[in-house]
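Commentary on secondary and tertiary structure
So you can see what is in the structure, the chains are spelled out below.
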Amino acid sequence: MDGQFIVRQTISIDSAEKVCCHTNESIPVRPREKIGVAEIAATKTTTKQLQKFNPMESDGAEKNTNDVAACGEKPDPHTFPSNKWVKLNVGGKIYTTTIDTLVGREPDSMLARMFLQDGGMMPSEKDEQGAYLIDRSARYFEPIINYLRHGEFVCDKHISLRGVLEEARFFGIYSLVTHLEEKLEQEEPLDDRPLTRIDVIKAIIQTSAITELRFQGVNLAGADLRKLDFRNINFKYANMSRCNLSHTNLNYCCLERADLQYANLECAQLVSVRGLCANMEGANLRGCNFEDPTGVRTNLEGVNLKGACLESSNMAGVNLRVANLKNANMKNCNLRGALLAGADLERCNLSGSDLQEANLRGANLKDAELTLMVTPLHMSQAIR
């Protein structure tokens, strides 16, 4: 029997006869009748040829695992047919879907790479129920899985679109990312967008000269507004942080409680400005003019000018009562007749400034630089 194989199988067939492999002999049988033992002898018959004669495959039955092993082929444990159902455990919530849903619409997404046969990612670990674990927010994942199912983005009004956008970016659903970015841009309230130079110029041109123009509470953050004429305009509570207002005419404006942090107001005109409690921390006010020829004081009471630069500014008669001027640069300033009572001038550089007739009663001048003063301070000014 050297080089020969004998296969014994119980065969159930419907046909009248079955031709044995590599022989001209036929076995007559009656319909619907079993053959007890079929012996097949073939010289140098390969294993694959024997596997072809497998009557158990009739009626669409799946191949026997032993036959697959006989062929030398091992099933890939990470191969997923497209119609296979899978469970995903996203943030503790179970989602049931098909491989086709995860792969069909976005084949380059992270989810698709996890379950594609030639994917570059291995599936994650499973929980006790056999669901693949994904450590993300279930709240924001649900609109994404629905989008993959039917191609339409549907989201409950109580779910943040920005949250869904971040999850879509994480999973690599780029068609949805583009859609959400456009949607958010369209839905963003205009009130939240800073006005630009063009917006401001249009408003000024369209407003009559006898009509009061207000930018009260308006967001102007970072706007380029240099060399514009803003006389008599109301900027109360406006956000003007980091604005470029250099060489701007702000005479008689209302800047009460406006945010001007780190704004550039170099050489601006600030005559008779009302800036009570305005925030000008770190602002550049170098070479500004605050003096009103008619004698009306510019009111900056309680203003925050911490770390601001006021070098060479004309601040004669300015009301800076209880203002915060810590670390401010006030070199060579004209402060004649200025009201600085109760102001915090700690570590303020006042060298070369003119403080004649200035009221410094109760002011904090600890570690202030007072060298090269134009006129010496008088004891009647009651420096603390």
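Coordinates for the structure precede this section.
In this report, we go over the structure that sits alongside the text. Every chain's residues receive numbers from 1 upward, in the order its sequence appears when written. Predicted model: local features are reported for residues with pLDDT of at least 70 only, side-chain atom pairs are reported and counted for 80 or more only, and whole-chain, interface and lining totals are derived from all residues. In computing side-chain properties, one takes all heavy atoms of the structure into account and sets aside hydrogens as well as water.

1. Regarding the pairing of strand S5 (residues 85–90)
Two faces make up the sheet, and in a regular strand the side chains alternate between them. Two strands pair under a simple rule: DSSP has to find at least two bridges between them. Counting from the N terminus, the helices are DSSP H or I runs at least four residues long and the strands are E runs at least two residues long. In terms of strand pairing, S5 meets strand S6 (residues 93–98) through six bridges, oriented antiparallel. Along S6, the bridge assignment pairs Lys-87 with Thr-96. Hairpin remark: S5 followed by S6, antiparallel, with two residues in the connecting loop; positive phi at Gly-91, about 60°. The pairing of S5 with strand S7 (residues 132–134) spans three bridges and is classified as parallel. Counterpart to Asn-89 in the pairing with S7 is Leu-133.

2. Side note on helix H6 (residues 161–171)
Burial in H6 covers these residues: Leu-161, Gly-163, Val-164, Leu-165, Glu-167, Ala-168 and Phe-171. Gly-172 sits one or two positions beyond H6 and adopts a positive phi of about 75°. Note on exposure labels: buried denotes an accessible area under 20% of the residue type's maximum, exposed denotes more than 50%, and partly exposed covers the range between, all computed with a 1.4 Å probe on protein chains only.

3. Details of the environment of Thr-248
Here Thr-248 lies in the segment after helix H8 (197–206). When its relative accessible area of 1% is taken as the criterion, Thr-248 is described as buried. The sequence separation of Thr-248 and Asp-229 amounts to 19 residues, and the corresponding C-alpha distance is 6.2 Å. Here Thr-248 is in contact with Leu-225, Arg-226, Lys-227, Leu-228, Phe-230, Ala-268 and Gln-269, once residues within four sequence places are set aside. Looking at Thr-248, its side chain comes within polar contact range of the main-chain oxygen of Leu-245, at 2.8 Å. The contact definition used throughout considers only heavy atoms, calling two residues in contact when any of these lie within 4.5 Å. What qualifies as a polar contact is a pair of N or O atoms within 3.5 Å, subject to a donor-acceptor requirement within protein and to the restriction that residues adjacent in sequence count only when both atoms come from side chains.

4. A look at the sheet that holds S6
With mixed pairing, the three strands of this open sheet are ordered in space as S6-S5-S7. Bordering the open sheet on either side are S6 and S7, each of which pairs with just one other strand. Sheet twist, expressed as the average angle between the axes of neighbouring strands with direction ignored, equals 30°. Lines fitted to C-alpha atoms define the axes here, with helix axes fitted over just the stretch in contact, and angles between the N-to-C directions of these axes take values from 0 to 180 degrees. Contacts from helix H5 (residues 138–150) reach S5 and S6 within the one sheet, and its direction differs from that of S6 by about 10°.

5. A closer look at unusual backbone geometry
With a phi close to 65°, Glu-357 is a non-glycine residue in the positive phi region. Positionally, Glu-357 belongs in the segment after H8. Judged by its relative accessible area of 66%, Glu-357 falls in the exposed class. The backbone of Asp-367 sits at a positive phi, close to 60°, despite the residue not being glycine.

6. A word on the pattern of salt bridges
A side-chain nitrogen of Lys or Arg and a carboxyl oxygen of Asp or Glu constitute a salt bridge if their distance falls within 4 Å. Using the criterion set out here, one finds 14 salt bridges in the structure. Salt-bridge contacts for Arg-231 lead to Asp-229; the nearest nitrogen and oxygen are separated by 2.7 Å. Overall, the relative accessible area of 45% leaves Arg-231 in the partly exposed class. By relative accessible area, Asp-229 is classed as partly exposed at 37%. A salt bridge links Glu-346 to Lys-326; its shortest N-O distance comes to 4.0 Å. On the criterion of sequence distance, the pair formed by Glu-346 in the segment after H8 and Lys-326 in the segment after H8 is long-range, its members being 20 residues apart. By relative accessible area, Lys-326 is classed as partly exposed at 25%. Connected through shared salt-bridge partners, Lys-326, Asp-344, Glu-346 and Arg-347 make up one network.

7. Topic: the packing of H5 against H6
Geometrically, a packed helix pair is captured by the angle between its two axes and the distance between the axes. Axis separation between H5 and H6 bottoms out at 9 Å; the angle between their running directions is 65°. In terms of orientation, H5 lies roughly perpendicular with respect to H6. In this structure, H5 meets H6 at a crossing whose hand is right-handed. Together, Tyr-140, Phe-141, Pro-143 and Ile-144 of H5 and Gly-163, Val-164, Glu-167, Ala-168 and Phe-171 of H6 make up the contact between the two elements. Put simply, Ala, Val, Leu, Ile, Met, Phe, Trp, Tyr, Cys and Pro go in the nonpolar bin, Asp, Glu, Lys and Arg in the charged bin, and everything else, Gly too, in the polar bin. A per-class count over the contact of H5 with H6 returns seven nonpolar, one polar and one charged. What sets the label is the angle itself: under 35 degrees gives roughly parallel, over 145 gives roughly antiparallel, 65 to 115 gives roughly perpendicular, and the rest give oblique. Each helix crossing is assigned a hand: it is left-handed if the near helix lies turned anticlockwise from the far helix by less than a right angle, otherwise right-handed if that turn is clockwise.

8. Considerations on the packing of aromatic side chains
Think of a pair of aromatic rings as described by two things: how far the centres are apart, and how the planes are tilted against each other in angle. Only centres within 6.5 Å qualify two rings of Phe, Tyr or Trp (six-membered ring in Trp) as a pair; their planes then separate them into stacked at under 30 degrees, edge-to-face at over 60, and tilted for everything else. Applying the stated rule across the entire model yields five aromatic pairs. Considering the side-chain rings of Tyr-95 and Phe-141, the 5.2 Å spacing of their centres and the 70° angle between planes classify their relative orientation as edge-to-face. Of this pair, Tyr-95 sits in strand S6 while Phe-141 sits in helix H5; the two residues are 46 residues apart in sequence, bridging distant segments of the chain. Seen in terms of ring centroids, Phe-230 and Phe-235 are 5.4 Å apart; in terms of plane orientation they differ by 85°. Their pairing is edge-to-face. Accessibility classification places Phe-230 together with Phe-235 in one group, the buried group. What links up through ring pairs into an aromatic cluster is the set Tyr-95, Phe-141, Phe-170 and Phe-171. Should the NZ of a Lys or the CZ of an Arg lie within 6 Å of a ring centre and within 35 degrees of the ring normal, that charge is described as sitting over the ring. Sitting above the plane of the Phe-170 ring, Arg-136 keeps its charged end 3.7 Å from the centroid.

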